[in-house]
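# Fold and contact review
Each chain, letter by letter, is given below.
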Amino acid sequence: MSIPVVDPARYDQQLAAKRERIVQQFERFDPPELEVFPSPPSHYRQRCEFRLWHEGDDLFYAMFEVQPDDPKQKRVIRLDDYPVASRRINELMPRLREALLKSDVLRRRLFQVEFLTTLSGEALVTLVYHRPLDATWEEEARRLQRRLDIMIIGRSRKQRLVLERDHVWERLEVEGRTFHYQQVENSFTQPNAEICRAMLAWARDVTRGSQASDLVELYCGNGNFTVALAENFRRVLATEISRTSVASAQQNMVANGIDNVMVGRMSAEEFSAALKGEKSGRRVSEMALECYDFSTVLVDPPRAGLDEASCRQLSEYSRIVYISCNPETLERNLEALSRTHRMSRFALFDQFPWTHHCECGVLLEKISA
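This section reports on the structure supplied with the text. (Residues numbered from 1 in each chain as written. Predicted model: local features only at pLDDT ≥ 70, side-chain atom pairs only at ≥ 80, totals over all residues. Heavy atoms only, no water.)

## Overview of the packing of aromatic side chains
- Under the definition given, this model contains 13 aromatic pairs.
- When the ring of Y11 is compared with that of W354, the centres are 6.0 Å apart and the planes differ by 70°; the resulting orientation is edge-to-face. A residue pair is termed long-range when its members are at least 10 positions apart, and Y11 in helix α1 (residues 11-25) and W354 in the loop between β16 (341-349) and β17 (359-366) qualify at 343 residues. Of the two residues, Y11 and W354, neither departs from the other in class, the shared state being buried.
- Between F26 and F29, the ring centres sit 6.2 Å apart and the planes meet at 40°, which makes this aromatic pair tilted. Here the two residues F26 and F29 agree in accessibility, since each one is buried. (Phe/Tyr/Trp six-rings, centres within 6.5 Å; stacked < 30°, edge-to-face > 60°. Helix = DSSP H or I, 4+ residues; strand = E, 2+ residues; numbered from the N terminus. Buried < 20%, exposed > 50% of the residue type's maximum accessible area, 1.4 Å probe, protein only.)

Shown next as structure tokens:
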């Protein structure tokens, strides 16, 4: 990987280059005008992980940069701060390092540090070790927890010691509403909270006026979009394969007082088979699929995008909201979906400034016969 070079004075320039690239890449699909949502130019990542590099009596945060002339060689980059990370992470980095330098117990065979923070300043720090953790470690870690006003989890092989709790609570203001999200350590969450707010507002906007019909959501994660979109629909059926994410999504429905959502643990492929009547069982029965009138499907797939069978399944819905973290696989999927649907909204979310990565949102509406 390469370490992003943060230069706020150049932010508009880098965003304009991304915009131009996306416009050209999707031009053949005759999209509407691209809606562009900028990120804060710095301090935008609420979660980060660093290697802890030991050199004699010293230790420091590190990342690795691949050498262009030899991909097998990686250069250690020392990080005393990290402008990409949230201000809370940057405030904690030197204080945590100083505490570790003073404690043989906490620093011994410490391999990695992971930060998970929120806009309100909650911080969960995971310390990953190459040794078993004992009562002495726990005692020292609890003192550190109080001193830095953080929560700590200790990890090593076959060990996970949660000293207080294993999650933070993010609160996102969207269109005058406050949504509460449990974000669990070591589970996927949107890293750029401000861009997440923009994505939720955009998704709410493109699905407004759907209260007479239902939404099905694939790859729902911890219910990030589910929570924000529930009031736009009569009912929502959200599916996710990760057991941890399903549990977190269910917690988030309770935390936000949402009672028209069912979260089912099932892969997108299994759900597609259930809709066709090719899969049965307890989990399918609990969904009561016959009671839904799905007008809209929301899909937020992994970087690999959707397979051919999933695209065929999506093509049966009147509206498709496709959130993509990989324009290349979105482009490939649109080759199939554009046979039955047209692009009526198109958005670029700058989730990862200073990198080539782009997050896109597309609203596809069925072409009338």
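Having seen the structure, we can now continue with the description.
## Considering the pairing of strand β9 (residues 167-174)
- With eight bridges connecting them, β9 and strand β10 (residues 177-184) associate as antiparallel partners. Looking at the pairing, E173 lines up with T178 of β10.
- Hairpin connection of β9 to β10: two residues between the antiparallel strands, including E175 at a positive phi of 50°. (Pairing = 2+ DSSP bridges.)

## Comments concerning empty space enclosed by the protein
- This structure, assessed with the given rule, holds three cavities of 30 Å³ or more.
- Size it by volume and the largest cavity reaches roughly 60 Å³.
- For the lining of the largest cavity, the secondary-structure elements that each account for two or more residues are β5 (110-117), β9 and α5 (193-206).
- The class makeup of the residues in the lining of the largest cavity is four nonpolar, five polar and one charged.
- Looking at the lining of the second largest cavity, the elements with two or more residues in it are β11 (210-218), α8 (268-275) and α10 (308-314).
- Sort the elements by how many residues they give to the lining of the second largest cavity and α8 lands first, with four residues.
- Partitioning the lining of the second largest cavity into residue classes produces seven nonpolar, three polar and no charged. (1 Å grid on protein atoms, 1.4 Å probe; cavity = no way out; pocket = protein on both sides within 12 Å on 5 of 7 lines; lining within 4 Å. Points joined across faces, edges and corners; volume = space filled by probe spheres on them. Nonpolar A, V, L, I, M, F, W, Y, C, P; charged D, E, K, R; others polar.)

## Digging into α8
- Regarding α8, the residues found buried are A268, F271, S272, A273 and A274.
- Buried-residue contacts for α8 involve β11, β12 (233-240), α9 (282-287) and α10.
- At the exit of α8 stands G277, carrying a positive phi of roughly 80°. (Contact = heavy atoms within 4.5 Å.)

## A short note on α1
- In a regular helix each residue adds 1.5 Å, so 15 residues correspond to 21 Å; α1 covers 21 Å between its end C-alpha atoms and thus fits that length.
- Among all positions in α1, only Y11, Q14, L15, K18, I22 and Q25 are buried. Down the axis of α1, the smallest arc covering the buried residues is 100°, so these residues share one side. Among the exposed residues of α1, those pointing more than 90 degrees away from its buried face are D12, Q13 and Q24.
- Next to the buried residues of α1 lie β1 (35-37), α11 (327-337), β16 and β17. (Expected span 1.5 Å × (residues − 1). Arc of directions from axis to C-beta.)

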